[in-house]
Amino acid sequence: DGGITQSPKYLFRKEGQNVTLSCEQNLNHDAMYWYRQDPGQGLRLIYYSQIVNDFQKGDIAEGYSVSREKKESFPLTVTSAQKNPTAFYLCASSIGQGVTAQYFGPGTRLLVL
Amino acid sequence: AQTVTQSQPEMSVQEAETVTLSCTYDTSESDYYLFWYKQPPSRQMILVIRQEAYKQQNATENRFSVNFQKAAKSFSLKISDSQLGDAAMYFCAYTGTASKLTFGTGTRLQVTL
């Protein structure tokens with residue numbers, strides 16, 4: 001089955017800890033994205049990558065980092081600099097640049113202990 | 001910058017009836033896509049329907065159709081023969097040449113018996 005997988009489904013972070021959220025796709029899509037969703041709100045773009053080894057900041061990149069070493073993978077690290085990390089994180093991918101649809105993974109719920 | 005506005009935080013419809021969800025957007029671009037995404041309680045974002053700006057014909061996917069008014073920058077979603085499984089948050093979204101999705105704040109749809 002082609003699709004996007006995210007792991008873990010739930011993640012707990014202690015104060016001062018960095019955590020990494022996994023996103024993998026087997027759709028052969030060039031572009032990948034990370035969004036954050038807070039309760040009762042829409043999605044906000046954190047980072048996106050249109051090709052391997054290249055990525056751009058979205059609207060709320062502070063406190064987050066990403067890498068894109070492989071086409072299939074786009075992990076997101078939530079660093080200790082992110083003071084309010086509790087949220088639902090969604091990964092998406094699309095065929096490539098330009099005007100195309102994005103397809104989403106099932107999401108990761110991050111909670112701070 | 002592009003903006004997407006959903007002015008109806010909540011809507012309710014009886015099973016088998018028709019409901020229309022509203023969305024307006026603002027852009028100076030001529031080439032763009034508009035989308036409606038559904039987010040059920042599982043929280044995965046599911047693409048419902050898409051509309052290409054250069055197409056005058058309104059998109060239709062089974063019970064879902066849109067009313068795309070380009071000059072008015074309006075993009076409403078009509079759900080016919082509503083079913084209990086249609087209950088969810090619905091997000092209107094825009095993407096243009098920047099390849100980023102801009103989301104509205106969502107409309108929560110309740111379906112009653």
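Please refer to the structure higher up on the page.
Once a new chain begins, its residue numbering starts again from 1 and follows that chain's sequence as written. Written order determines the labels here, with chains lettered from A and ligands numbered from 1. The model is predicted, so local features are restricted to residues of pLDDT at least 70 and side-chain atom pairs to those at 80 or more, both for listing and for counting; the totals for chains, interfaces and linings are taken over all residues. Water and hydrogen atoms were dropped before computing side-chain values, which therefore reflect all heavy atoms in the structure.

> Help me understand the pairing of strand β6 (residues 54-57) of chain A in this model?
Consecutive side chains of a regular strand alternate in pointing toward one face of the sheet and then the other. All names here are of chain A. In terms of strand pairing, strand β5 (residues 43-51) meets β6 through three bridges, oriented antiparallel. Bridge assignment links Y47 to a residue of β6, and that residue is K57. In this structure, the hairpin formed by β5 and β6 is closed by a connection of two residues, where N53 is found at a positive phi of approximately 65°. Note: two strands are recorded as paired if DSSP finds a minimum of 2 bridges between them. Secondary structure elements follow DSSP: runs of H or I no shorter than four residues count as helices, runs of E no shorter than two count as strands, and numbering proceeds from the N terminus.

> What is the right way to read unusual backbone geometry from this model?
Glycine aside, a negative phi is what most residues show, and trans is what most peptide bonds show. A cis geometry characterises the amide bond from A:S7 onward to A:P8, with omega recorded as -10°. Looking at where A:P8 falls in the secondary structure, it is placed in the loop between β1 (4-7) and β2 (10-13). The backbone phi angle of B:A16 is positive, close to 80°, even though this residue is not glycine. Tracing the chain through its elements places B:A16 in the loop between β2 (10-14) and β3 (19-21). Phi at B:D81 is positive, roughly 50°, even though this residue is not glycine.

> Explain the environment of B:Y94 to me, please; I cannot follow it from the model alone.
All names here are of chain B. Within the secondary structure, Y94 sits in strand β10 (residues 88-95). Once the C-alpha coordinates of Y94 and K38 are considered, the two residues, 56 residues apart in sequence, prove to be 14 Å apart. For this analysis, residues touch if any pair of their heavy atoms sits within 4.5 Å. When residues no more than four places from it in sequence are discounted, the contact partners of Y94 are Q2, V4, Y25, T27, E29, Y32, Y33, L34, K100, L101 and T102. Polar contact is defined as a pair of N or O atoms within 3.5 Å, subject to the rule that within protein one atom must be able to donate a hydrogen and the other to accept it, and that residues adjacent in sequence are counted only when both atoms are side-chain atoms. At 2.3 Å, the side chain of Y94 forms a polar contact with the side chain of E29.

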